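# An overview of the molecular structure
If you want the building blocks of each chain, they are given just below.
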Amino acid sequence: MRYISPKDQADLDAIETREWLESLDYVLQNGGPAKVARLLRELTIHARQNGIKLPFTANTPYINTIPADEQSLMPGSPDLERRIKSMVRWNAAAMVVRANKAEEGIGGHISTFASAATLYEVGFNHFFRGHENGAGDIIFFQGHAAPGIYARAYLEGRINETHLENFRRETRPGGGLSSYPHPWLMPDFWEFPTVSMGLGPLMAIYQARFMRYLEDRGLRPKSDAKVWAFLGDGETDEPEALGAITLPAREKLDNLIFVINCNLQRLDGPVRGNGQIIQELEAAFRGAGWNVIKALWGREWDPLLAKDRDGLLVKRMGEIVDGQYQKYAVESGAYVREHFWGADPRLLDMVKHLSDDQLKKMSLGGHDPIKVYNAYKAAVEFKGAPTVILARTIKGYGLGEAGEGKNITHQQKKMNEEELRAFRTRFGIPVSDDDVAKTPFYRPAEDSIEIKYMRERRRALGGFVPKRQSRSEALKSVNREIFDEFSKGTDGRKASTTMVFVRLLSKLLRDKDLGPLVVPIVPDEARTFGMEALFRQVGIYSHAGQTYEPVDMDTLLYYKEASDGQILEEGINEAGSLSSFIAAGTAYATHGVNMIPFFIFYSMFGFQRIGDLIWAAADSRTRGFLLGGTSGRTTLAGEGLQHQDGNSQLLAYPVPNLVAYDPAFAYEIAVIIEDGIRRMYVDQESIFYYLTVMNEQYSMPSMPEGARDGILKGLYRFRTTSKPDAKLRAQLFGSGAILPEVIKAQEILESKYGVGADVWSVTSYGELYRDGHACERWNLLHPSVPPRIPYVTQCLAKAPGAFVAASDYVKALPDSIDRWLPRPLTTLGTDGFGRSESRGSLRDFFEVDYRYVIAATLAALARDGKIDASVVEQAIKTHEINPEKANPATS
Ligand SMILES: Cc1ncc(C[n+]2csc(CCOP(=O)(O)OP(=O)(O)O)c2C)c(N)n1
Ligand SMILES: [Mg+2]
């Protein structure tokens, strides 16, 4: 064989490569890009068949997805838009600086919006559609960018200077602006709360899907409205941000656009100092099936890239890690020349015509309106998949010494006079040197071309955004007949509250008025709750319909998917289900339709797991019903520690507009749901509901006369003692599945111990607690007038005997109303870790069964001196209670 020197080999390789490339060019010229793609595909297959292992990459090079020669020209006036953007920037910074001057520590963020200003302004001037010309866009603004959104609304004339002055001071006269997007605090402005990182993108995904659901079910006309979600690159570390991105690709939701502001920084420092967050995100989204558009470099880079025939610059761009890119952002042009361009003499040569200053000023994609405009245009026009735009920016852009690109920039809320002056000059704000230290807000005259332009753009795009409005009409009334059968009881037939709920839901679905509005939501748990009959009755929603033959097609209750199906079967995904719940429960405002969501889930995986989304639902003024299934620490047998919920009723307490109930009987559920629909959809209150339902079956009694009001208020007398004149008296409180234990205890206390006990069903400790405190507060503030009396006191002030409460939840629940009772309440509850055991054993273990109710009642009577302690001792023996057993709360 002839010897080939390494140099000759390299030459041969180069010739061979050139020949291949020339062949490819030939195909491209004669056959077009599609043919090239096909050829490459075939080559890849051929190579693989011959054992060639190709490295996997989901990435494209570190350059803009849209090349300069494919860009569209930008409509409108770029110069005017730049001036407007500068004013927005100034006012956004000014409101934060002023707020922190007025009061140290009030906070606020300058740097987030500073990096995102172009991303928003291009949206406001050219893309975001308001609701006035039909279906508008749904926009999730990045929470920390709120000052910029307010600053724009101020220029638009929607909010005034007092509002800006009162940023983060909502209690001030004249009104203030909430720190972040909060529909609860600003119900005419913000639509969606986003500031808890990760929830915005997750909720946006389900909003996009819910929009399709409404269209497919004929409840909203088909439209090309978009859901936009703006998020930070650091935010994508939250599992919620990326955890559901396969769904919109699977469902081909081309109505969804994510805009990720890739300033490469989070709060403490770089997002991926040693890596590249943009490439990491590109791979994740492309892998999930999204259309990915990278807008990394501003227009100044285009001529350089055009000159980069051998790919040196592209290679250099792709090998710099983010920490280093951040360094370039804070360094001089000379530094960038030496360290970035200096890596290769040919690179240096490419920029020899540019001064250091010009090098420093070369912009990034996310700061260049033309790049952003083209990215958005491509996104709204793209069909068949959701789009994510990865826009590269600099955090704190324009702040200069005050924090541009620095690690401290996220927390920067103050600017000294010199920094303000520089910022003012850089963006050309007409504020004099003398005034600049006062950081005045700046708004040009009402008839200035800037204000007119802004207004005109918004008019053309369908009105201002964000703007929240209840767009639906109240329901006239609720058909009471649906609920009637539940007040009669089951005549000894056993049923669980879950079964009752499912029956009620199925009846609601059949109602001609309410039926179409109901949205049943389940996270792969329908069979657990006995809801499979609904599969057939109303179908499972699937945009694609059912393209296969279900295995159980020949059964009555087969797994029916349909494009107009009504059930949202979300898979094992409580967070996604709750996002659907929010989308449905806010549809009265977002879409103008009164959807009534019922989200039923394994109760332990509700408040405990997705409490923050429940908080977001509350902030969003969501309406609907949450149903915690298989609840109760001792009622769910066998499952054990992780599953048994004895907490959720307590975890529901802090959610201010959530009304929570722990009902025991069929009629209680019917009364609560009927009244809930009335309050939310007829009276349009901004509340939502939580009901725990259980799987223990017992016979459902008929509704006692006059119980309705008490059921709703949280307490009513279920049964009066047959021995009202007994010397020994007691008041027994029971809730949920523990109420039957209390009833049993009442019977034994009367028959065996001569204690005349009344039984009260406590449907909601939470409601009693709120009412008690509301009265106390009022009394405190109105000392000279007759005091208000808490409802629970009204019911029980004169009730004789011992007070004992038992529930399947932690003792803190009954304890929370103790202060409004005439005598101390003895509480039985299920504090501690669950166990897998039978129901009976669990109730013994947690000390909540009828025997403990008996013992607790006798102990309370003994404490009051009504009976001797020996009676209690004897009862403990009779009922085989082990006094030395370990404390379940700590074992
Ligand atoms: C769940 C949650 N955790 C922490 C925070 C506190 N926090 C607010 S902003 C921020 C950094 C945001 O970085 P990034 O998402 O990159 O946004 P940027 O400001 O850089 O655009 C953090 C940690 C939060 N708001 N929510
Ligand atoms: Mg960031």
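To start, this report covers the structure provided alongside it. Here the residue numbering is sequential within each chain, running from 1 through the sequence in written order. Written order decides the labels, with chains lettered from A and ligands numbered from 1. In keeping with the predicted nature of the model, local features appear solely for residues at pLDDT of at least 70, side-chain atom pairs appear and are counted solely at 80 or more, and the whole-chain, interface and lining totals rest on all residues. The basis for the side-chain values is all heavy atoms of the structure; hydrogens and waters are excluded.

## A word on the packing of aromatic side chains
Each Phe, Tyr or Trp ring (for Trp, its six-membered ring) is paired with any other whose centre lies within 6.5 Å, and the angle between the two planes then decides the class: stacked below 30 degrees, edge-to-face above 60, tilted in between. Taken as a whole and assessed by the stated rule, the structure comprises 54 aromatic pairs. With a centroid separation of 5.7 Å and 85° between ring planes, the pair formed by Phe128 and Phe230 is classed as edge-to-face. Remark: Phe230 occurs in strand E2 (residues 227-232) and Phe128 occurs in the loop between helix H4 (111-127) and strand E1 (138-140); sequence separation between them is 102 residues. Using a relative accessible area of 0% as the deciding quantity, one classes Phe128 as buried. Each residue is assigned to one of three classes by its accessible area relative to the maximum for its type, calculated with a 1.4 Å probe on protein chains only: buried under 20%, partly exposed between the two thresholds, exposed over 50%. Given the relative accessible area of 5%, Phe230 is considered buried. A cation over a ring is seen here: Arg98 above Phe441, with NZ or CZ 4.9 Å from the ring centre. Note on conventions: DSSP H or I runs of at least 4 residues are helices, E runs of at least 2 residues are strands, and numbering of each starts at the N terminus. Both a distance and an angle decide whether a charge sits over a ring: NZ of Lys or CZ of Arg must be within 6 Å of the ring centre and within 35 degrees of the ring normal.

## Re the side chain of Glu668
Mapped onto the fold, Glu668 is located in helix H27 (residues 666-682). For this count, His and the chain ends are skipped, Lys and Arg are scored as positive, and Asp and Glu as negative. Only one rule defines a salt bridge in this text: a Lys or Arg side-chain nitrogen within 4 Å of an Asp or Glu carboxyl oxygen. Despite its burial, Glu668 remains without a salt bridge, the nearest opposite charge being carried by Arg719 at 12 Å. Within polar-contact distance, the side chain of Glu668 engages the side chain of Ser761 at 2.8 Å. The definition of a polar contact used here is a pair of N or O atoms within 3.5 Å, where within protein one atom must be able to donate a hydrogen and the other to accept one, and adjacent residues in sequence count solely through side-chain atom pairs.

## Focus on the packing of helix H7 (residues 199-216) against helix H23 (residues 574-585)
Direction vectors running N to C along H7 and H23 enclose 60°, while the axes themselves pass 8 Å from each other. In terms of orientation, H7 and H23 fall into the oblique class. H7 and H23 meet at a crossing whose hand is right-handed. In this structure, H7 contributes Leu202, Met203, Tyr206, Gln207, Arg209 and Phe210 to the contact, and H23 contributes Ala575, Gly576, Ser579, Ser580, Ile582, Ala583 and Ala584. When residues are sorted by character, Ala, Val, Leu, Ile, Met, Phe, Trp, Tyr, Cys and Pro go into the nonpolar class, Asp, Glu, Lys and Arg into the charged class, and all the rest, Gly among them, into the polar class. Considered class by class, the residues forming the contact of H7 with H23 number 8 nonpolar, 4 polar and 1 charged. Orientation is described by axes fitted as lines to C-alpha atoms, over the contacting stretch for helices, and by angles from 0 to 180 degrees between their N-to-C directions. The labels follow the angle: roughly parallel below 35 degrees, roughly antiparallel above 145, roughly perpendicular from 65 to 115, and oblique for the rest. In this scheme, a crossing is called left-handed if the near helix is turned counterclockwise away from the far one by less than a right angle; it is called right-handed if the turn is clockwise. Between two residues, a contact is recorded if the distance between any of their heavy atoms is within 4.5 Å.

## Here's the deal with the site of ligand 1
Around ligand 1, a shell composed of 18 residues is seen, among which Thr112, Asp233, Gly234, Glu235 and Lys395 lie nearest. Contacts to ligand 1 include Asp233, whose side-chain N or O atom sits 2.8 Å from an oxygen atom. All accessible-area figures derive from a Shrake-Rupley calculation using a 1.4 Å probe, and residue coverage is judged against the displayed protein chains alone. Relative to its unbound accessible surface of 590 Å², ligand 1 loses 76% to contact with the protein. Of the residues that constitute the shell around ligand 1, the class distribution is 3 nonpolar, 10 polar and 5 charged. One heavy atom suffices: a residue is near a molecule or strand as soon as one of its heavy atoms comes within 4 Å of it.

## What to know about the pairing of strand E11 (residues 596-602)
Most of E11 is tucked away: 7 of the 7 residues are buried. Pairing of strand E7 (residues 518-522) with E11 involves 4 bridges; the strand directions are parallel. For Val518, the partnering residue across the bridge sits in E11 and is Ile596. Of the strand pairs in this sheet, E11 and strand E12 (residues 625-629) are connected by 5 bridges, and their pairing is parallel. Counterpart to Phe601 in the pairing with E12 is Gly628. Where the polypeptide runs from E11 across helix H25 (residues 607-619) and back to E12, its parallel neighbour, the crossover connection is right-handed. Pairs of strands are assigned from DSSP output, requiring at least two bridges between the strands. Seen with its strands pointing away from the viewer, a crossover is right-handed when the path leading from the first strand over the helix to the second is clockwise.

## Looking at unusual backbone geometry
Omega for the bond connecting Val465 with Pro466 falls within 30 degrees of zero, at -10°, which places this linkage in the cis form. Summarising the element assignment, Pro466 is placed in the loop between helix H19 (449-460) and helix H20 (481-484). Backbone geometry places Arg621, a non-glycine residue, at a positive phi of 60°. Within the secondary structure, Arg621 sits in the loop between H25 and E12. For Arg621, a relative accessible area of 14% corresponds to the buried category. Of note, Glu880 is a non-glycine position whose phi angle comes to about 55°, a positive value. Mapped onto the elements of the fold, Glu880 is located in the segment after helix H35 (869-878). On the accessibility criterion, Glu880 (67% relative accessible area) is exposed.

## Re the state of the cysteines
The rule for a disulfide is simple: a pair of cysteine sulfur atoms within 2.5 Å. In this structure the tally under the stated criterion is 0 disulfides. This cysteine, Cys795, is not joined by any disulfide, and Cys775 carries the nearest cysteine sulfur, 12 Å off.

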